[in-house]
Amino acid sequence: MVATCLHLSGFACSFVGWIGLIVATATNDWVVTCGYTITTCRKMDELGSKGLWADCVMATGLYHCKPLVDILILPGYVQACRALMIAASVLGIPAIFLLVTVLPCIRMGHEPGAAKYRRSQLGGILIILLAMCGVVATIWFPVCAHRETTIMSFGYSLYTGWIGSALCLFGGCVIVCCSGDAQSFGENRFYYASGSSSPTHAKSAHV
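All of these numbers come straight from a predicted model, not from anything done at the bench.

The secondary structure content of the protein amounts to five helices and seven strands. Moving toward the C terminus, one meets the helices and strands of the protein in the order α-β-α-β-β-β-α-α-β-α-β-β. Buried residues in the protein amount to 41% of all 207 residues. Of the roughly 11300 Å² of accessible surface on the protein, a fraction of 69% belongs to carbon and sulfur atoms.

Turning to the state of the cysteines, a few remarks are in order. What the rule picks out here adds up to one disulfide. Cysteine Cys144 remains unbridged, with the sulfur of Cys81 as its closest cysteine sulfur at 6.8 Å. On the accessibility criterion, Cys144 (12% relative accessible area) is buried. Between Cys173, a free cysteine, and Cys177, which holds the nearest cysteine sulfur, the sulfur-to-sulfur gap is 5.7 Å.

A separate point is the nonpolar core. Membership of the largest hydrophobic core comes to 32 residues, with the highest contact counts inside it found for Met85, Ile127, Phe141 and Cys168. Of all the secondary structure elements, the ones that give two or more residues to this core are helix H1 (2-26), helix H3 (76-101), helix H4 (113-148) and helix H5 (156-177). Leaving out residues up to four positions away in the same chain, Cys168 has contacts with Cys13, Ser14, Gly17, Trp18, Leu21, Ile127, Leu130 and Ala131.

At a minimum axis separation of 7 Å, H1 and H5 run at an interaxial angle of 155°. The pairing of H1 with H5 is recorded here as roughly antiparallel in orientation. Between H1 and H5 lies a crossing of left-handed hand. When grouped by side-chain class, the residues that make up the contact of H1 with H5 number 13 nonpolar, twelve polar and no charged.

Before going further, it helps to spend a moment on the packing of aromatic side chains. Considering all chains together, one arrives at seven aromatic pairs under this definition. Here Tyr159 and Trp162 contribute two aromatic rings whose centre-to-centre distance is 5.6 Å and whose plane-to-plane angle is 80°, an arrangement assigned as edge-to-face. Here the residue Tyr159 and the residue Trp162 both occupy positions in helix H5, the gap between them amounting to three residues, near one helical turn. Look at Tyr159 and you get partly exposed, because its relative accessible area is 41%. Every member of this aromatic cluster is reached through a ring pair, and the members are Phe11, Phe15 and Trp18.

What UniProt calls "transmembrane region" (unreviewed entry) maps, in this numbering, to residues 83-102, 122-141 and 161-180. As a span, residues 83-102 carries 95% helix and 0% strand, and end to end its C-alpha atoms are 29 Å apart. Counting secondary structure, residues 122-141 comes out at 100% helix and 0% strand; the distance between its end C-alpha atoms is 29 Å.

Looking now at a nonpolar patch on the surface. A cluster of nonpolar side chains, Phe15, Val16, Ile19, Ile22 and Val23, forms an exposed patch at the surface whose accessible area comes to about 360 Å². Tracing the backbone shows Val23 in helix H1.

The terminal C-alpha atoms of H3 lie 38 Å apart, and with 26 residues this matches the ideal 38 Å at 1.5 Å per residue to within 8%. The largest bend in H3 comes to about 25°, at Gly92, with the proline Pro94 one to four residues further on.

Here the focus is the confidence of the model for the protein. Caution applies to low-pLDDT parts of the model: their predicted coordinates are not meant to be read in detail. On average, residues of the protein score 80 in pLDDT, and 77% of them are at 70 or above. Within the model, the stretch residues 188-207 combines pLDDT values under 50 with 27 contacts to residues more than four positions away or in other chains.

Let us now look at the side chain of Ser89. Position of Ser89 among the secondary structure elements: in helix H3. Excluding its chain neighbours within four sequence positions, the residues that come into contact with Ser89 are Trp18, Leu21, Ile22 and Thr25.

Here is what the cut-offs are and how they apply
Residues numbered from 1 in each chain as written. Predicted model: local features only at pLDDT ≥ 70, side-chain atom pairs only at ≥ 80, totals over all residues. Heavy atoms only, no water. Helix = DSSP H or I, 4+ residues; strand = E, 2+ residues; numbered from the N terminus. Buried < 20%, exposed > 50% of the residue type's maximum accessible area, 1.4 Å probe, protein only. Areas by Shrake-Rupley, 256 points an atom, 1.4 Å probe, with all protein chains shown as cover. Disulfide = S-S within 2.5 Å. Core = buried A, V, L, I, M, F, W, Y, C linked by side-chain atoms within 4.5 Å. Contact = heavy atoms within 4.5 Å. Axes fitted to C-alpha atoms, helices over the stretch in contact; angles between N-to-C directions. Parallel < 35°, antiparallel > 145°, perpendicular 65-115°, else oblique. Left-handed = near helix turned anticlockwise from the far one by under 90°. Nonpolar A, V, L, I, M, F, W, Y, C, P; charged D, E, K, R; others polar. Phe/Tyr/Trp six-rings, centres within 6.5 Å; stacked < 30°, edge-to-face > 60°. UniProt positions renumbered as here; feature names shortened; annotations may be inferred. Patch = residues over 30% accessible without salt bridge, like charges linked within 9 Å, V, L, I, M, F, W, Y side chains within 5 Å. Salt bridge = Lys/Arg side-chain N within 4 Å of Asp/Glu carboxyl O. Expected span 1.5 Å × (residues − 1). Bend = angle between axes of the 7 residues up to and from the residue. pLDDT = per-residue confidence, 0-100.

Printed below as a string of structure tokens:
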């Protein structure tokens, strides 16, 4: 029963973290850049927001973004971080699917616990892999962006990526390390069985 609870906790953390990585990938508020003080930059319309897909200018009543569509002139770190975040988002699809099929509430015929255990381990490994992609991208991007311009603060997209990566890493490790062994996997569940000698249903459990 403890292994089942840990597996559910790992799945919940992984799912929320994966959604966070998708949000971070799709938004552009990764770092806030400025060549002067924030007050001076706002007066001069030079307070910028830099992300994977666009460079934005923020001023009073104005938020203008310039899409980064010319791949040939983009810095290498932007292209690499794009690829890592896209890979993390795509890897989450089979990982979450595998983990959903091994949840205690899902039964696929008389499938043995060993088969569900292997799918659970594969899903956990994929979650850890996508978490590492998110970690590398969310650390690499601000470091390289700081070399190009002055970073005043980190944006909400970057914080979302950090939190999502941490949740995925934690959830994947819990799934891989704390889900029990292949023989007992999936057996710690309660079900209802009826007997001919009793008019009511009796609650039983595998331990």
